[in-house]
Amino acid sequence: MALADLVRVERNEDGIQAVLGVLKQRFGERFQTGQAIREQHAHTTTYIPAQLPDGVVFVHSTPEVQEVVRLCATYRVPVIPFGTGTSLEGHVNAPGGGISLDLMGMDKIVSVNAEDLDCTIEPGVTREALNTYLRDTGLFFPIDPGANASLGGMASTRASGTNAVRYGTMRDNVLALTAVTADGQTVTTAKRAKKSSAGYDLTRLFIGAEGTLGIITSLTLRLQGIPQAMSGGVCPFPSVEAACEAVIATIQMGVPVARIELVNRLQMKAMIAYSKLDYPESPCLFLEFHGTESGVAEQAQLFGEIAAEHGGGPFIWTQVAEERTKLWKARHDAYWASLPLRPGARGLSTDVCVPISRLAECIAETERDIEAMGLVAPIVGHVGDGNFHVLVLMDPEDTREIAQAEAFVARLNERALAMEGTCTGEHGIGQGKAKFLELELGTGVDVMRAIKKALDPQNILNPGKIFALD
């Protein structure tokens, strides 16, 4: 993707220089303008070109966030919130320069209300850190996108992951949040009550807004009880279509799977080599069940019967924690496992989501596209909710390969939209998917623009993301 293809943001050179001077005086060593630091705070996780901020400020509190935003508003300088930097669609790039606001120093767990199954945290807390803290309470936070992302970033991109089929996405698990708006004010979107009919649903307005409407400074999250027992395993299938049909039957029969993940043949080959797995080199489903000892055994046995009816099996499952951990580590390492399939290549990671009844058709057509175009592109999917990912391995210096990969992504997105799906199930829009959002929502994007202009009239909050403002 060339820089010319991204949403353009005008650079305010005079304003930027003024802000740099004030921030250096105010924050001292917590404000950095070195090349290496700025590169670390630009987009580096896929092939979208990095666009560096002019400076990085490491904030520790909501008042400091307000201070930085007010300063940038005064001089009309962009502010780009930054967590762990694991987003995939250019969310943290600075197309008009400006200030990267590093929120990882805001990492306090403010309160845990075990009786109410909720907690309040700052945005820099990562999902792994939260679950480590919660371990002795008997509770856990279930959203697991794979990367150890910050929870503020996960809310901003409306993340989900392997557990979404049972526990939902960030949209379903954030009860309330506090955000700093473009004028430096704070807004609290809700209280801790489990439900409310009080006015507009501001919480969900900010979730998935990718930092374009406000900078999240606290989150109140819904928690779950750690299951009494878990079982999980791997089931091979003769084809992707057969695996998808088994998924559809499992969901339609109401089997309460916690995770049900698809890997196609090429992805399984990569995972076997990388993670030293002893499984067949064929399309496979990875599954996990949560509940009581007898319940998870019954669910596993029932799935085994469903799989057999669709030509799959044997379903090899276990309740041994160490074996399940190895299984899911292999699944989470799928990206790194894929890179040796084409040494020296970079990965273009993309995702779509379709109604589950169209899943088998969509994946089969996508595999045919990959073969016809001669691409090396393994597939993994959170197939319990119709979401799957393709990692196109390519040479980012070869313009022909970039064009071919982008043509493939365009066809994939158009296919998903034609099947009444979405251009992204969990990656978000950022810069990379902006052109597909218009195809998906049409005049709905005009409503988003109106909201953006009302809340951020100077367009300083993460500009150039999701859509062009004018």
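That block above? That's the structure.
Described below are features of the structure shown in this document. The model shown is predicted, which means the values in this text are computed figures rather than measured ones. (Residues numbered from 1 in each chain as written. Predicted model: local features only at pLDDT ≥ 70, side-chain atom pairs only at ≥ 80, totals over all residues. Heavy atoms only, no water.)

## Considering the pattern of salt bridges
Applicable threshold: Counted as salt bridges are all cases of a side-chain nitrogen of Lys or Arg within 4 Å of a carboxyl oxygen of Asp or Glu. Labels follow the DSSP assignment, with helices taken as runs of H or I lasting at least four residues and strands as runs of E lasting at least two, numbered in each case from the N terminus.
One pass over the structure, following the stated rule, counts 26 salt bridges. Residue R259 pairs with E288 through a salt bridge whose shortest N-O separation is 3.5 Å. Note that R259 is positioned in strand 13 (residues 257-263) and E288 in strand 14 (residues 284-291), a separation of 29 residues in sequence. Taking the shortest distance from any N to any O, the salt bridge between K452 and D456 comes out at 2.7 Å.

## Observations regarding the sheet that holds strand 2 (residues 55-58)
Condition: Note on pairing: DSSP must find at least two bridges between two strands before they are called paired. Here, two residues are considered to be in contact whenever any of their heavy atoms come within 4.5 Å of each other. Note on geometry: axes are C-alpha line fits, over the in-contact stretch for helices, and angles between N-to-C directions span 0 to 180 degrees.
With mixed pairing, the 4 strands of this open sheet are ordered in space as 1-2-4-3. Each of the sheet's edge strands pairs with one partner strand only, and the pair in question is strand 1 (31-32) and strand 3 (79-82). Here strand 1 pairs with strand 2 via 2 bridges, running antiparallel. Among the inter-strand pairings, F31 is bridged to a residue of strand 2, identified as V57. Running at roughly 170° to strand 4 (residues 99-102), helix 3 (residues 62-75) makes contact with strand 2, strand 3 and strand 4 of the sheet.

## Here we look at helix 11 (residues 293-309)
For clarity, the threshold we go by: Expected helix span is given by 1.5 Å per residue-to-residue step, counting one fewer step than there are residues. Only protein chains enter the accessibility calculation, which uses a 1.4 Å probe; a residue is then buried when its area is under 20% of its type maximum, exposed when over 50%, and partly exposed in between.
Under the 1.5 Å per step criterion, the end-to-end length of helix 11 is 25 Å for 17 residues, consistent within 8% with the ideal 24 Å. Among all positions in helix 11, only G295, V296, A297, Q299, A300, F303, I306 and A307 are buried. Its buried side turned inward, helix 11 meets strand 12 (229-236), helix 9 (240-252), strand 13, strand 14 and strand 15 (316-318). Immediately beyond the C-terminal end of helix 11, within one or two residues, lies G311, with a positive phi of roughly 80°.

## Thoughts on the environment of D183
Keep this limit in mind: N or O atoms closer than or at 3.5 Å make up a polar contact, with two conditions inside protein: a donor-capable atom paired with an acceptor-capable one, and, for residues adjacent in sequence, both atoms drawn from side chains.
Tracing the chain through its elements places D183 in the loop between strand 8 (174-180) and strand 9 (186-188). Classification of D183 as partly exposed rests on a relative accessible area of 48%. Considering only alpha carbons, one finds D183 and V234, 51 residues apart in sequence, at a separation of 51 Å. Looking at D183, its side chain comes within polar contact range of the side chain of T181, at 2.6 Å. A distance of 3.1 Å separates a polar atom in the side chain of D183 from the backbone nitrogen of Q185.

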